[in-house]
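Reading the structure
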Amino acid sequence: MSDVQTAPTSSYDVASIREQFPLLKTLVHGKPLVYLDNANTTQKPQRVLDTLWEYYTTYNSNIHRASYQIAERSTHEFEMGREKVRGFLNAKGVEEIIFVRNATEGINLVAQSFGRTFIGEGDEIIVSAMEHHANIVPWQMLCEEKGAILKVIPINDDGELLLDEYEKLITHRTKLVGIVHMSNALGTVNPVEEMIQTAHAHGVPVLVDGAQSAYHKVIDVQAMDCDFFVFSGHKLYGPTGIGVLYGKRKYLEAMPPWQGGGDMIATVSFEKTVYNELPNKFEAGTPHIEGAIGLGAAIDFLNETGMDRIAAYEHGLMEYGKQVLGNVPGLRMIGTAKEKASVFSFTLHNIHALDLGTLLDTRGIAIRTGQHCAHPVMQRFGVPATGRASLACYNTREEIDALARGLIRVSEILG
Amino acid sequence: MNTGPEGCTETHLSAVSQEEHAAEIEETFALFDNWEDRYQVLIDFGKKLPPMKLEDKTEISRVPGCQSNVWLVADVKDTESGPVVVFSADSDASITRGLVAILWYVFSGQPVEKILTFDIDEFLDRLGLIAHLSMNRRNGLFSMVLRIKALAASRSRGAQEV
Ligand SMILES: Cc1ncc(COP(=O)(O)O)c(C=O)c1O
């Protein structure tokens, strides 16, 4: 449709990537599926599916508890999953990788364990105006319980954080900064490294919500120097129900367990129970074994494809999408940050987002409509809801063209 | 092409039976076999819905369970053949307004007992709406129907008391 300068992605063969994702062959209402709801969840490559199948058909057994062969294997594969996550994030040690259900649970763990221990009355927590509810509500709950105060970094009309305001919000009472790395509602990629430096200069630890960034960007938690980082497996081409909390060892060690039970203890007696070492201290009960193994397979896929190559390809796709969607009459892009990735959030004329989604669906096009679990963002931009198309490693320019055509048709129908 | 139901005026409401209204909608729907066109039909139905008074769109008249907003109020009107229930309804989403229009078309202006006994589920099923609509919309549609039936029942009691 148009000629856009893109980063070199010549060696990126999207057709062969698509081949690895069986679901992409699905027909919807008799039409090929155009899946553009990746910020919600991504599809799974065959090797993840094979891994889950293999687990259940050849070595399903509980981990850390038994001495027989298949349990040795499941324990080994589970811990390999952890090691793969460690490598993926470039964390120092596997003990810094805690398996949780999803990004949301990772944040709740920090709020409940770190927060309830180290944050008290009158203390302050800073988040931003573009947070997902997952990085708002756990802090509100903590603030309510402790009498702490939640402060919010404002954003400008392009959907960028006002960094000067951020610095002003930090006081001697600030105990934690929680910041989204990449916004699911706007696509904005925040300068987390810089923000972390600022916080650290005041001795304040930072939690980074990486739910959206982890599958679009190369992540290096040591270079970033974040104190906590969370993401969800299901957005990273892995299974649902598995997520990761990375925490710097010094914090995780200082934090009490937040759930009690099996696996998280060393010894139990009614007089005294001794908690297990990291990371098991935070993993009470039987974990999502095949989820962790499947997440490992998803990381294998990303490593083989190359996270940097995916990022470059997706960047080209986004630049292309900006141009093509920019030419759709009546489309207003919400979120026009200079640093942005893989998300197009928009309104079309005054069309209700639900009508938009329903009509696109008849053409096989799947986008998210609504408020994207980010009500404050919608309020900030004065829109009741948006349509959101979000990209992944397997999307194509043809799909963006199909979206643009679909939007033009929707305008005609509702015109 | 005119795809909307013709009778969206209050004047000849009770002159036409529900069955006739329903058959008319069904015929219009049957003209189209793809859902983009059917939604267009629905949207056109919605455009013919008589406007709802702004002051009637309140928190109380809002129907729960809809992803889009739906408002619904009912009134009893006396006609020669006895009291009928007249509805006024609207939605902020066009497809939803079309669904509201279908319900309005088969229900509004009908006697209470007809409203309470008409098998709306079966009718919507025949239109393919039950199978095709997303869960969200189905639930929304369902709560609209419940609200209409509840209003009809309460209005008929109210009318008898007067
Ligand atoms: C930025 C961001 N944070 C957190 C979450 C929560 O993810 P999950 O529901 O997997 O916990 C999401 C999911 O949409 C997200 O986009």
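Residues numbered from 1 in each chain as written. Chains lettered and ligands numbered in written order. Predicted model: local features only at pLDDT ≥ 70, side-chain atom pairs only at ≥ 80, totals over all residues. Heavy atoms only, no water.

Scanning chain B from terminus to terminus reveals seven helices and two strands. Ordered by position in the sequence, the α and β elements of chain B form the string α-α-β-β-α-α-α-α-α. Across the 162 residues that make up chain B, the buried fraction comes to 51%. Partitioning the intrachain contacts of chain B with sequence separation of at least 6 by distance along the chain shows that 66% fall at a separation of at least 24. Carbon together with sulfur atoms contributes 53% to the accessible area of chain B, which is approximately 7900 Å² in total. (Helix = DSSP H or I, 4+ residues; strand = E, 2+ residues; numbered from the N terminus. Buried < 20%, exposed > 50% of the residue type's maximum accessible area, 1.4 Å probe, protein only. Contact = heavy atoms within 4.5 Å. Areas by Shrake-Rupley, 256 points an atom, 1.4 Å probe, with all protein chains shown as cover.)

It is worth spelling out the interface of chain B and chain A at this point. Across the contact, 15 residues belong to chain B and 12 residues belong to chain A. Interface area for chain B against chain A, summed over the two sides, is near 1200 Å², with a carbon-plus-sulfur share of 55%. In this assembly, chain B and chain A are joined by two salt bridges. The residue Arg363(A) makes a salt bridge to Glu36(B) at a minimum N-O spacing of 2.9 Å. Counting across the chain B and chain A interface gives five residue pairs in polar contact (both at pLDDT 80 or more). Elements with a minimum of two residues in the side of chain B that touches chain A: α2 (35–47) and α3 (94–107) of chain B. Top contributing element to the side of chain B that touches chain A by residue count: α2(B), with six residues. The residue inventory of the side of chain B that touches chain A, partitioned by class, reads five nonpolar, six polar and four charged. (Buried area = accessible area lost by both parts, 1.4 Å probe. Salt bridge = Lys/Arg side-chain N within 4 Å of Asp/Glu carboxyl O. Polar contact = N/O pair within 3.5 Å; in protein donor to acceptor, adjacent residues only side chain to side chain. Nonpolar A, V, L, I, M, F, W, Y, C, P; charged D, E, K, R; others polar.)

Here we take up the site of the ligand. Residues and elements named next belong to chain A. What surrounds the ligand is a group of 13 residues, the closest being Thr-104, Asp-209, Ser-232, His-234 and Lys-235. Contacts to the ligand include Gln-212, whose side-chain N or O atom sits 2.7 Å from an oxygen atom. Within the side chain of Lys-235, one N or O atom sits 2.6 Å away from an oxygen atom of the ligand. Summarising the interface, the protein chains cover 89% of the accessible area of the ligand, which totals 390 Å² for the free molecule. Among the residues making up the shell around the ligand, the classes are represented as four nonpolar, seven polar and two charged. (Near = heavy atom within 4 Å.)

Taken as a class, soluble globular proteins show a tendency for nonpolar side chains to be buried jointly. Of all hydrophobic cores here, the largest spans 146 residues; its most connected members are Leu89(A) and Phe229(A). Broken down by element, this core gets its largest block of residues, 10 residues, from α3(B). Split by domain, the residues of this core number at least three in each of domain 1 (14–42 + 307–414) and domain 2 (49–303) of chain A. Those residues in contact with Phe229(A) that lie beyond four places of it in its chain are Leu89(A), His181(A), Val208(A), Gly210(A), Ser213(A), Ala214(A), Ile219(A), Val221(A), Met224(A), Val244(A), Leu245(A) and Tyr246(A). Of all hydrophobic cores here, the second largest spans 27 residues; its members include Leu109(A), Ile119(A), Ile125(A) and Val230(A). (Core = buried A, V, L, I, M, F, W, Y, C linked by side-chain atoms within 4.5 Å. Domains from an automatic or database assignment.)

To continue, consider the sheet that holds strand β16 (residues 368–370) of chain A. All names here are of chain A. Pairing is antiparallel across the open sheet formed by four strands, whose spatial order is β13-β14-β17-β16. With partners counted over all chains shown, the strands left at the sheet margins are β13 (331–334) and β16, one partner each. Taken over all neighbouring pairs, the strand axes of this sheet differ in orientation by 30° on average, direction set aside. Bridge analysis of β16 against strand β17 (residues 386–390) gives three bridges, and the strand direction is antiparallel. Residue pairing across strands places Thr-369 opposite Gly-387, the latter belonging to β17. On the sheet, helix α11 (residues 307–326) packs against β13 and β14 (343–348) and is oriented at approximately 10° with respect to β14. Sheet strands in contact with helix α12 (residues 353–361) are β14, β16 and β17, and its direction is about 160° off that of β16. (Pairing = 2+ DSSP bridges. Axes fitted to C-alpha atoms, helices over the stretch in contact; angles between N-to-C directions.)

What follows deals with the packing of aromatic side chains. If you walk through the whole model with that rule in mind, you get 19 aromatic pairs over all chains. On the basis of an interplanar angle of 80° and a centroid distance of 5.4 Å, the ring pair of Phe21(A) and Phe301(A) is categorised as edge-to-face. Of this pair, Phe21(A) sits in the loop between α1 (14–19) and β1 (27–28) while Phe301(A) is found in helix α10 (residues 289–305), placing the two residues 280 residues apart along the sequence. Owing to a relative accessible area of 0%, Phe21(A) belongs among the buried residues under this scheme. Chaining the aromatic ring pairs together yields one cluster made of Phe21(A), Tyr215(A), Tyr237(A), Phe301(A) and Tyr394(A). Across the ring face of Phe381(A), the terminal group of Arg380(A) is positioned such that the distance to the ring centre comes to 5.4 Å. Stacked on the ring of Trp35(B), the Lys or Arg Arg38(B) has its end atom at 5.2 Å from the ring centre. (Phe/Tyr/Trp six-rings, centres within 6.5 Å; stacked < 30°, edge-to-face > 60°. Lys NZ or Arg CZ within 6 Å of the ring centre and 35° of its normal.)

Further remarks concern helix α7 (residues 192–201) of chain A. Residue and element names in this part refer to chain A. Val-192, Met-195, Ile-196, Thr-198 and Ala-199 are the residues of α7 that are buried. Across the axial projection of α7, the buried residues extend over an arc of 160°, all falling on one side. For α7, the exposed residues lying more than 90 degrees away from the buried face are Gln-197 and Ala-201. Against β6 (149–153), α6 (163–169), β7 (174–180), β8 (206–209) and α8 (221–224) lie the buried residues of α7. Looking one or two residues beyond α7, the residue adopting positive phi is Gly-203, at roughly 75°. (Arc of directions from axis to C-beta.)

This part takes up the side chain of His372(A). All names here are of chain A. Along the chain, the position of His-372 falls in the loop between β16 and α13 (375–381). On the basis of relative accessibility, which here comes to 1%, the residue His-372 falls in the buried class. Within the structure, the side chain of His-372 is placed 3.2 Å from the backbone oxygen of Gly-370, a separation counted as a polar contact. Of the polar contacts made by the side chain of His-372, one reaches the side chain of Thr-386; its length is 2.6 Å. Setting aside residues no more than four positions away along its own chain, His-372 makes contact with His-132, Asn-184, Ala-185, Ser-345, Met-378, Thr-386 and Arg-388.

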